[in-house]
Amino acid sequence: MSLYSETDSRFLMQGVTVQHLRFQVRAAESILFENEPGAALRGALYEALSKNFCSEAFGPLTPHHRETCPVCWLLAAEDADARRGHNIPRPLTLQPPLEQTHFRPGQVMRFGVSLIGQAQNMLPYIARAVQKMGGIGVGKGRGRFTLLTIDEVHPLLDTERTLMNGRTVKRPTLQVTPSAVVDVADKLPHHAVTLDLLTPMRLTAQGGLAKHFEPAVFVQRLLERCQSLAEHYAEHPPDARRPTREDWLAAQAELLAEAASLKVGYDCTEWVEAFSGSRRTGRASPISGLVGRVRLDGSVARLLPWLLWGAALHVGKNAVKGSGYYRVIRAL
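The rules behind each value
- Residues numbered from 1 in each chain as written.
- Predicted model: local features only at pLDDT ≥ 70, side-chain atom pairs only at ≥ 80, totals over all residues.
- Heavy atoms only, no water.
- Helix = DSSP H or I, 4+ residues; strand = E, 2+ residues; numbered from the N terminus.
- Buried < 20%, exposed > 50% of the residue type's maximum accessible area, 1.4 Å probe, protein only.
- Polar contact = N/O pair within 3.5 Å; in protein donor to acceptor, adjacent residues only side chain to side chain.
- Contact = heavy atoms within 4.5 Å.
- Pairing = 2+ DSSP bridges.
- Expected span 1.5 Å × (residues − 1).
- Arc of directions from axis to C-beta.
- Core = buried A, V, L, I, M, F, W, Y, C linked by side-chain atoms within 4.5 Å.
- Axes fitted to C-alpha atoms, helices over the stretch in contact; angles between N-to-C directions.
- Parallel < 35°, antiparallel > 145°, perpendicular 65-115°, else oblique.

Some details on the side chain of Ser114
Relative to the helices and strands, Ser114 is located in strand 5 (residues 108-116). With a relative accessible area of 0%, Ser114 lands in the buried category. Separated by 2.5 Å, the side chains of Ser114 and His20 make a polar contact. Apart from the residues lying within four places of it in its own chain, the contact partners of Ser114 are Val18, Gln19, His20, Pro91, Leu92, Thr93 and Gln95.

Quick look at the pairing of strand 3 (residues 92-95)
Because side chains alternate across strand 3, one face comprises the buried residues Leu92 and Leu94, and the other comprises Thr93 and Gln95, equally buried. As paired strands, strand 3 and strand 5 are joined by 4 bridges and run antiparallel to one another. Note that in strand 5 the partner of Leu94 across the bridge is Val113.

Some remarks on the pairing of strand 16 (residues 326-329)
Because side chains alternate across strand 16, one face comprises the buried residues Tyr326 and Val328, and the other comprises Arg327 and Ile329, none of which is buried. When strand 9 (residues 192-201) meets strand 16, the two strands line up antiparallel, connected through 4 bridges. In the sheet register, Thr194 faces strand 16, and the bridge partner there is Ile329.

Overview of helix 5 (residues 123-136)
With 14 residues, helix 5 extends 20 Å between its outermost C-alpha atoms, agreeing within 8% with the 20 Å of an ideal straight helix rising 1.5 Å per residue. Where helix 5 is concerned, the buried positions are Leu123, Ile126, Ala127, Ala129, Val130, Met133 and Gly134. On an axial view of helix 5, the arc spanned by its buried residues comes to 165°, and they lie on one face. Looking at the packing, one finds that the buried side of helix 5 touches strand 1 (18-27), helix 2 (37-53), helix 4 (70-75), strand 3, strand 5 and strand 6 (145-154). Looking one or two residues beyond helix 5, the residue adopting positive phi is Gly137, at roughly 90°.

Details of the environment of Lys263
Residue placement: Lys263 occurs in strand 12 (residues 263-272). Given a relative accessible area of 60%, Lys263 falls into the exposed group. Along the sequence, Lys263 and Ser299 sit 36 residues apart, while their C-alpha atoms lie 9.7 Å from each other. Excluding its chain neighbours within four sequence positions, the residues that come into contact with Lys263 are Arg295, Leu296 and Asp297.

Thoughts on the nonpolar core
One finds Leu195, Phe218, Trp306, Trp309 and Tyr326 to be the most contacted residues of the largest nonpolar core, which totals 52 residues. The set of elements that each furnish at least two residues to this core consists of helix 1 (9-12), helix 6 (178-186), strand 9, helix 7 (215-233), helix 8 (245-260), strand 15 (289-297), helix 9 (304-313) and strand 16. In terms of residue count, helix 7 provides more of this core than any other element does, 9 residues in total. Filtering out sequence-adjacent residues up to four positions away, Trp309 remains in contact with Ser9, Met13, Val16, Val18, Val176, Thr177, Pro178, Val181 and Cys226.

Quick word on unusual backbone geometry
The backbone of Arg142 sits at a positive phi, close to 55°, despite the residue not being glycine. By the element assignment, Arg142 lies in the loop between helix 5 and strand 6. If you check the backbone angles, His314 has positive phi at about 70° while not being a glycine. You can see His314 is positioned in the loop between helix 9 and strand 16.

Focus: the sheet that holds strand 16
In spatial order, the strands read 12-15-9-16; together these 4 strands make up an open sheet with antiparallel pairing. Two strands in the sheet have a free side with no partner beyond their single neighbour: strand 12 and strand 16. Across the sheet, the axes of successive neighbouring strands diverge by a mean angle of 5°, strand direction being ignored. Of the strands in this sheet, strand 9 and strand 16 touch helix 9, which is tilted by about 145° from strand 16.

Brief notes about the packing of helix 2 against helix 5
Two elements in contact, helix 2 and helix 5, have axes whose closest approach is 8 Å; the angle formed by their N-to-C orientations is 110°. Overall, the two elements helix 2 and helix 5 adopt an arrangement that is roughly perpendicular. Seen from helix 2, the contacting residues are Leu41, Ala44, Leu45, Glu47, Ala48, Leu49, Asn52 and Phe53; seen from helix 5, they are Tyr125, Ile126, Arg128, Ala129, Val130, Lys132, Met133 and Ile136.

Written out as structure tokens, the structure is:
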């Protein structure tokens, strides 16, 4: 039996953990990102994983292969029973470099990859794939780099630890967990909260794009993402009672009522246009969204754990390309 109420984040997100990795690389050649860096980094990472660690990288992908190949499981997650279509959220997000889009030879670039739930078993593949990425190159002209270090980061506790430096490799220990999320939420002010949208957040509402920040729309998309990731990637003890869809619906009803009562204290967000090009299809797809800061005023205590989960998991479309990445900061 759970020790928590059935609408508590610790119950609904039980078994979900997130491992945040930060890679430091040194540019061997000029690295130039024309648009959103996350899209280019994601493309290079997928290419390195599929070409080097998938046994059928250049052949037809049979259902049996998709079920047994860890790389295909990570990159092409599908579920025939998924309520919103066959495609489900990948258990991987990317945090692109935020400080600049052009790195000259010799400069250090930092970017993050986060692995959710069962995907943490893929950490060795991801580490080796980033090394391969350095040889493939990224950005316009495919600028190459060398991997310097791999750190694990706990963004909610502002803590980091080196996992790989040279030949020394350590076992990770700093996962985001349900209890850690609640502990951090309890220490935040309960009268207001500020969100810093670092990369374009692309949200939809009523069949269209939400080009202005709306608390209820944001919370709805946040809860849907948390539910989908928990349903597909949480690691439960054998005797644990798992949350049902009815549990999630009850929580959503309560939390959306809370979101509807909030006021936007200030909104310094703006809609930015961005596109992601595909070498495979030769086409560009929009990854536009909202960036900037927004403060929510009102009783935020019940929402705080979920806002922190969103900061760990991203919210909205294109999370694997780095979109929907934000931080929770104290209200200003």
